[in-house]
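The residues making up each chain are set out below.
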Amino acid sequence: MTLDEASVAFGSEKRRKTILSSLTMHVEPGEFVALLGPSGCGKSTVLNLVAGYLKPSTGSVLVNSKPITGPDPQRGMVFQQHTLFPWKTVQENIEFGPKMSGQSKATTEGIARTFLEMVGLSKFADHYPSQLSGGMQHRVEIARALANYPGVLLMDEPFGALDAQTRLVMQDGLLELWEQLKPTVLFVTHDIDEAVLLADRILIMGVSPGRVISEIKVDMERPRNVRALTDPRFGRFKGQCLDLLERESRKAFGLQDGDDEADDNNEMKPLRA
Ligand SMILES: Nc1ncnc2c1ncn2[C@@H]1O[C@H](COP(=O)(O)OP(=O)(O)OP(=O)(O)O)[C@@H](O)[C@H]1O
């Protein structure tokens, strides 16, 4: 997946606001990349570009070297908020994608069973989303996205609304699923621990305009699980992220307060002497 000098601007000609400016990034097939950056820097906009919900104003967005022309089940999206069909059972929600792609009843049922088992919800196949906890609904969301066997999985703060313990379980579960299916993952989060735990590489984004300012390669072994949180190297990666994010976050706050000076200088400066 490649974003090549992709820019996004919103608004009329007079009040045009550049959100992303000449953003270039490349994600290898099967790679797990996390996007970290201050609120409003354009992380979700990057996902929307790759999902095909949005077209770049200039530049290009390619998957498997082909330009993206619109949404495709091959690029599955999982959001923080629930998007399950409330009138369908868990099983029917997961069957939806394979059914729409014209697969037989037996195949769709088989796929749903496989993914229900993978996310540990086989016993809840006949339940409706409203009968599940938030964490369980998220597991169904992930199963529903994976049931299309997407080459690319786009995740927009998928665990942001969960309590700390459920979040750990979900992170472990996602790592397991990723090891089995190896989709390319672009994962947006505000949680540095989550980014370091899950990702092969972390791209740090800056504000005004949104762009990638740095990348951190998380060279801890795979397969990983939540035990990696206690690895001595974990703190080092976390510190690097904090250093890079601190200034950009302050700058983003300045911009929200209408502080024009915050816009003046995009250069990175060391935060700690
Ligand atoms: N359709 C739109 N029209 C106008 N402005 C938009 C639109 N979508 C997003 N924006 C603006 O683009 C900027 C980036 O938004 P985006 O949601 O991508 O940021 P983000 O980094 O994901 O933020 P957060 O971390 O708070 O979710 C914001 O200033 C937002 O107001």
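Rules behind the numbers
- Residues numbered from 1 in each chain as written.
- Predicted model: local features only at pLDDT ≥ 70, side-chain atom pairs only at ≥ 80, totals over all residues.
- Helix = DSSP H or I, 4+ residues; strand = E, 2+ residues; numbered from the N terminus.
- Rg over C-alpha atoms; globule rule 2.2 N^0.38 Å.
- Buried ≥ 20, exposed ≤ 12 C-beta atoms within 10 Å, placed from the backbone.
- Near = placed C-beta within 6 Å.
- Pairing = 2+ DSSP bridges.
- Expected span 1.5 Å × (residues − 1).
- Arc of directions from axis to C-beta.
- Contact = placed C-beta atoms within 7 Å.
- Core = buried A, V, L, I, M, F, W, Y, C linked by C-beta atoms within 7 Å.
- UniProt positions renumbered as here; feature names shortened; annotations may be inferred.
- Axes fitted to C-alpha atoms, helices over the stretch in contact; angles between N-to-C directions.

S.K.: Can you lay out the overall build of the protein for me, pointing to particular residues and giving the numbers?
M.R.: When helices and strands are counted, the protein shows seven helices and ten strands. For 273 residues, the compact-globule estimate of 2.2 N^0.38 gives 19 Å, and the C-alpha radius of gyration of the protein, at 19 Å, lies within 12% of that figure. Here the C-alpha coordinates of the protein stretch approximately 60 × 50 × 35 Å along the principal axes. Expressed as a percentage of its 273 residues, the buried residues of the protein come to 38%.

S.K.: Tell me about the site of the ligand, and please be specific about residues and values.
M.R.: As a matter of local geometry, the ligand sits amid Phe10, Ile19, Gly37, Ser39, Gly40, Cys41, Gly42, Lys43, Ser44 and Thr45. Ranked by residue count, the leading element in the shell around the ligand is helix H1 (residues 43-51), at three residues.

S.K.: Report on the sheet that holds strand E5 (residues 66-67), specifying residues and quantitative values.
M.R.: Strand pairing in a sheet is mediated by backbone hydrogen bonds. Such pairs are either parallel or antiparallel. Within the open sheet, the four strands sit side by side as E2-E1-E4-E5. Their pairing is antiparallel. Two strands bound the open sheet, and with one partner strand each, they are strand E2 (17-26) and E5.

S.K.: Hey, could you go over the pairing of strand E1 (residues 2-10) for me, with residue numbers and the actual values?
M.R.: Here E1 runs beside E2; their pairing, made up of six bridges, is antiparallel. The residue bridging Val8 from the neighbouring strand is Leu20, located in E2. Pairing of E1 with strand E4 (residues 58-63) involves four bridges; the strand directions are antiparallel. Its bridge partner lying in E4, Leu3 is registered against Val61.

S.K.: With reference to specific residues and values, describe helix H5 (residues 164-181).
M.R.: A rise of 1.5 Å per residue sets the reference length of H5, with its 18 residues, at 26 Å; its end C-alpha atoms lie 26 Å apart and thus fit the reference within 8%. Of all the residues in H5, the buried ones are Arg167, Gln171, Leu174, Leu177 and Trp178. Buried residues in H5, looked at end-on, bunch into an arc of 130°, giving them a common side. Exposed residues on H5 whose side chains face more than 90 degrees from its buried face are Gln165, Glu179 and Gln180. For H5, the secondary structure elements touched by its buried residues are strand E3 (32-36), helix H3 (105-118), helix H4 (134-146), strand E8 (184-188) and helix H6 (192-198).

S.K.: Outline the nonpolar core, supporting the account with residue identities and numerical values.
M.R.: Grouped together as the largest cluster of nonpolar side chains are 69 residues, with contacts concentrated most on Val50, Phe187, Ile202 and Cys241. Other than its neighbours up to four places away in sequence, Cys241 contacts Leu36, Ile192, Ala195, Val196, Ile202, Ile204 and Ile216.

S.K.: How would you explain the UniProt feature "domain: ABC transporter" (unreviewed entry) in the protein if you had to name every residue and give the values?
M.R.: UniProt records the feature "domain: ABC transporter" (unreviewed entry) at residues 3-232, using the numbering of this structure. A distance of 34 Å separates the end C-alpha atoms of residues 3-232, which is 32% helix and 25% strand.

S.K.: Which residues make up the sheet that holds E3, and what values do they have?
M.R.: Pairing within the open sheet is mixed, and its six strands lie in the order E6-E7-E8-E3-E9-E10. Only two strands of the sheet have a single partner each, and these edge strands are strand E6 (75-78) and strand E10 (211-217). The mean inter-strand angle of the sheet, taken between neighbouring strand axes irrespective of direction, is 20°. One ladder, built from six bridges, connects strand E9 (residues 201-206) with E10; its direction is antiparallel. Within E10, the residue paired with Met205 across the bridge is Val212. Taken strand by strand, H4 contacts E6 and strand E7 (152-156), and its axis lies near 170° from that of E6.

S.K.: Talk me through the environment of Tyr149; I want residue IDs and the actual numbers.
M.R.: Turning to its location among the elements, Tyr149 is positioned in the loop between H4 and E7. Between the alpha carbons of Tyr149 and Met170 there is a distance of 19 Å; along the sequence they are 21 residues apart.

S.K.: Mind laying out unusual backbone geometry, listing which residues take part and the relevant values?
M.R.: Of note, the bond from Ser208 into Pro209 is cis; its omega dihedral lies within 30 degrees of zero at -5°. With omega at -10°, the peptide bond leading from Arg222 into Pro223 counts as cis. Mapping Pro223 onto the fold places it in the loop between E10 and helix H7 (232-256). Even without a glycine there, the phi angle at Lys182 is positive, about 45°. If you trace the backbone, Lys182 turns up in the loop between H5 and E8. Look at Lys182 and you get partly exposed, because 13 C-beta atoms sit within 10 Å.

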